[in-house]
Amino acid sequence: MDEGGSRIRRRVSVRKRNRPSLESVFAASPATELKHRDEEKEDEEMVAGSRRRKTVDVQPVEVQLHHLSDWPEFLVLFPTFGVMIHTQIIDSEEDMFGDYDSFAENSFLAQVDDLEQKYLQLPEHMNYATDHATEDLCSESDKQNTLNVTAVGDCTALNIDDHTKNESRHEDVSVEPEADILYDVPSSQVLFFENLHNSSSDLGGPSTEEKDWNSSCPKTVNEELLVNSREQPQQTVESSSKIRTSSDANRKSLKDHLKSTMTGNAKAQTPIFSRTKQLKETLLSEEINVAKKTIESSSDDLGPFYSLPSKVRDLYVQFKGIEKLYEWQHTCLTLKSVQERKNLIYSLPTSGGKTLVAEILMLQELLCRRRDVLMILPYVAIVQEKISGLSSFGIELGFFVEEYAGSKGKFPPIKRREKKSLYIATIEKGHSLVNSLIETGRISSLGLVVVDELHMIGEGTRGAILEMTLAKILYTSKTTQIIGMSATLNNVEDLQKFLQAEYYTSQFRPVELKEYLKINDTIYEVDSRAENGMTFSRLLNYKYSDTLKKMDPDHLVALVTEVIPNYSCLVFCPTKKNCENVAEMICKSLSKEYLKHKEKEKQEVIMNLKNVSGGNLCRVLKRTIPFGVAYHHSGLTSDERKLLEEAYSTGVLCLFTCTSTLAAGVNLPARRVILRAPYVAKEFLKRNQYKQMIGRAGRAGIDSVGESILILQEKDKQQVLELISKPLENCYSHLVQEFTKGIQTLFLSLIGLKIATNLDDIYHFMSGTFFGVQQKVLLKEKSLWEITMESLRYLTEKGLLRKDTMYGSEEEFQNNFHITKLGRASFKGTIDLAYCDILYRDLKKGLEGLVLESLLHLIYLTTPYDMASQCDPDWMIYFRQFNQLSPAEQNVAALVGVSENYIGKKASGQAIRKKVDKNIVNRLYLSFILYTLLKETNIWSVSEKFNMPRGYIQSLLSAAAAFSSCVLHFCEELEEFWVYRALLGELTKKLTYCVKAELIPLMEVTGVLEGRARQLYNAGYKSLTHLANANPEVLIRTIDHLSRRQAKQIVSSAKMLLHEKAEALQEEVEELLRLPSDFPGIVASSTEKA
């Protein structure tokens, strides 16, 4: 059969040559015998139509027939038993019957009619034998023509969207004739065989197993085509019975039956489908159904891969190289509490494989239960890394992966028609997302919430926001499961009580970790069984010159050279400056041999750093990278960090000197981890921080052992011994400590979302928070009731809430609270309540004389207040930059209350009597930095102009983009600020990307930063569509220094983003065309029915 044709007609023709006579076909014989010969393929091909013929030669079957009541059904089987057939594609204008289109007396049909009349005259006593003979033939045919569904491999295709289904309908996969007995049978006869099989099954009673399989498996498109022909098997049996009992006079002649059948066969339109595709889809649907049933019934009979289609297992092998789960992961996934969808907290050492368990649970929720999932991660970099890693799974398995970090994210999220969404969010954006879902009544659509680094619930403002998020989910949705994971948890009982969760823990590490302490030149191994917690291990044998001893009193060079360059090493330093100094010191002490190790690759790293920085390169990195050494801290730009991390992961760089933030950030394990000192900045190391740092030692699948060495002085020995032996620090709620960002923000949102609007409900909600669980420990002076009353009074006085007192009896009264417009704007914009009134005043004042000649005024209004309070301006630079402004821009400074005279006096060191708000002055200074950055789009030049670290400037830019987005949401709730809505939308985009306009579409793709976007643009990839359709292999050849993994992630992320946008547009179209539910006619008719 030709594969290209979308409409194929089969014709049945009987060939004259070697055709046995009808008499020989139906010759009387006591025995019934059916033999099949292998199909013979004709070599000849017709050039015009590329037609292919297949001939089936079957030996005549001798059957003793005396009654022809079943002939109509029997003759439909004719091609397989007695008549040679061939299939051929014909045009609509061709004659359907070829040489046998004549119905004259000497025609084939005339011979059939004569034969029928002859057999009708046979004695009636042969009826019994005839019926049995016919039934034997039919049953034999049934057996031979049963489709055997062979096992399909694990790599099944999951076709979710309609487009893919439509494509599968038109795909034709060749099937060997020996594998499928119905390969060359016309479509109508294929349908008849199915009919016959069903009718015989119905009569005999189908097995329960077959019924269950059919009922549990959703029908594919091709199955539906066949099902239509199976709907009335019983009617066939009944009609057949009627024919048997009817008189010969009323019987329709065989000639008519045959003519009708052949005409129907020729006109029948063959359903075109791929049997292989159909079987794959059927198996996949079956697996998903098994998974659904398993989860619903909580039975031990799991699906092929933890209740997921086997394709998921294949994807983990393909994308992450994971072929087998650790034993603890299997145990955790098969816990009864997990099967029953109870909330779960699990804790394991760093690098134990916690994330994989969470990912499998998320995929179960997305694919099997068909509900959305929220994953909350601590940092933007980790969110982007996870987006890149899971986008490939989303493309293959049919779900969306959406980023909620910085200024990215839509509130409320788009309601998808079919596909479900995996929201990956930072702590702050996760809170806003949950608020928007509660407000729109869609919180129940969130099936699972996963929180990584759950211990952060006890860390300041971010901990308070995380606690609020989880408390709201627990209070408003009883069907949403919460999974929390961490490597450093101690007071788990409090968290269990708060989250109403089960707890699972294990000390498993894929690589053994050995802890050491170094005092002077002696190394001790940490041993809990020893009397003082440590035992002697060895002495350092490294020949130090007098000069080197002065440079390296802690013997760092000796420790790192035992490992590098063949293995990797991390050196944690107390401060950022110390990181750079240590990196330079180590390189000065290394021999020239280290320069030769991967020399070419290291030069490529240097070139890449120059490319992403506009030709600039840090002088420290320029000296250290040739030795395979680099520093890593927040002073680097995002582009630089990404390139250095990639070089470290691939082994080009073998040593990082870094701050403690790397331990909580992206996963960069090492053979050996060295702690330069037991301090973070000036504070002594905490047990949690220590465990996170040493947890980076040991790379699964690469190292057999991991080592950590803590360098300490004799004076710190006692504190360090306590550090290594004491338990992890407890986790405590910061909901009340963070007053304006904690409990007050919580109350405002509770009332704004109508979760709790009176005093009793609010107090009841607070009792269920993490703070409520720990109130006896945390509250010494005031009760929870008093704190609740104080917070509500403060919000009312600030004009964010309005109180209504409703009296019941004489003594009882109830305070109901309502949110004001300003309160709603503050909570929707997630504005810190300490600044909401100041922001309102600044925006109101801006309306009186908004300067739109440049962006400076708008940038000032969106500069974060909290960063202004930490700023310390360089007054000479301030004065120089002020004088470079245009008159209109200097007018902005005058409008906000900062004069040139004031800045000039500060720069010259003169005393100033006039009092000026320091926060306004500092905020304007930060606005100058942002304004210069938007004009030049080069962080390096701005860093030099303002004498500030480039990492700090980039942090300022990210914070400004996020705050601009918040101010935009704030203005959307207040009608008087309508003018800001359009202006701030565009400004937010500029601050988010801070590049030339043509690069913005490329930078929307997760993982594509400015340097990479410029490379892609220059190579001709100028839009999201270009990237989504790119071939990763071509990208590798086209773009310099792009790894295969990065190329695949970029293409997957672009495809995911493109699908999201297309789906959003389709949803918008359907919404426009959908009949409104409040349409007058519908409302009237429903009223009448009522």
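## Focus: the side chain of Asn608
Inspection of the secondary structure puts Asn608 in helix 25 (residues 599-612). The buried category is assigned to Asn608, whose relative accessible area is 10%. Setting aside residues no more than four positions away along its own chain, Asn608 makes contact with Leu643 and His1041.

## A look at the sheet that holds strand 13 (residues 569-572)
The eight strands lie next to each other as 12-11-10-19-16-13-15-14, forming an open sheet whose pairing is mixed. Looking at the sheet topology across the chains shown, the edges are occupied by strand 12 (534-539) and strand 14 (629-632). With strand direction ignored, the average angle separating the axes of adjacent strands in the sheet is 25 degrees. Sheet topology places strand 11 (residues 522-526) next to strand 12; five bridges connect them, and they run antiparallel. If you follow Ile523 over to strand 12, its bridge partner there is Arg538. Against the sheet, helix 29 (residues 687-694) makes contact with strand 10 (512-519), strand 13, strand 16 (672-675) and strand 19 (705-712), and its axis sits at roughly 145 degrees relative to strand 16, the strand it touches most.

## Focus: the pattern of salt bridges
If you walk through the whole model with that rule in mind, you get 37 salt bridges. For Lys386, the salt bridge is made with Glu359, and the minimal N-O distance between the two is 3.1 Å. You can see Lys386 sitting in helix 17 (residues 380-397) and its partner Glu359 sitting in helix 16 (residues 354-368), a full 27 residues away along the chain. An identical accessibility class is assigned to Lys386 and Glu359; each is buried. Two residues, Arg538 and Glu562, come together in a salt bridge whose shortest N-O distance is 3.0 Å. On the criterion of sequence distance, the pair formed by Arg538 in strand 12 and Glu562 in the loop between helix 22 (556-561) and strand 13 is long-range, its members being 24 residues apart. A residue is classified by how much of its surface remains accessible, and Arg538, at 29% relative accessible area, is partly exposed. In this structure Glu562 comes out as partly exposed when scored by relative accessible area, which is 39%. Among the charged side chains, a salt-bridge network with shared partners connects Arg341, Glu365, Arg369 and Arg371.

## Some thoughts on unusual backbone geometry
Working note: non-glycine residues mostly have negative phi, and peptide bonds are mostly trans. The residue after Phe411, namely Pro412, is reached through a cis peptide bond having omega -10 degrees. One can find Pro412 in the loop between strand 5 (400-404) and strand 6 (421-425). Of note, the bond from Ile564 into Pro565 is cis; its omega dihedral lies within 30 degrees of zero at 5 degrees. Considering the arrangement of structural elements, one finds Pro565 in the loop between helix 22 and strand 13. One non-glycine residue, Asn520, lies in the positive phi region at around 60 degrees. Secondary-structure assignment places Asn520 in the loop between strand 10 and strand 11. Of note, Thr830 is a non-glycine position whose phi angle comes to about 45 degrees, a positive value. Relative to the helices and strands, Thr830 resides in the loop between helix 36 (821-828) and helix 37 (836-848).

About the thresholds
- Residues numbered from 1 in each chain as written.
- Predicted model: local features only at pLDDT ≥ 70, side-chain atom pairs only at ≥ 80, totals over all residues.
- Heavy atoms only, no water.
- Helix = DSSP H or I, 4+ residues; strand = E, 2+ residues; numbered from the N terminus.
- Buried < 20%, exposed > 50% of the residue type's maximum accessible area, 1.4 Å probe, protein only.
- Contact = heavy atoms within 4.5 Å.
- Pairing = 2+ DSSP bridges.
- Axes fitted to C-alpha atoms, helices over the stretch in contact; angles between N-to-C directions.
- Salt bridge = Lys/Arg side-chain N within 4 Å of Asp/Glu carboxyl O.

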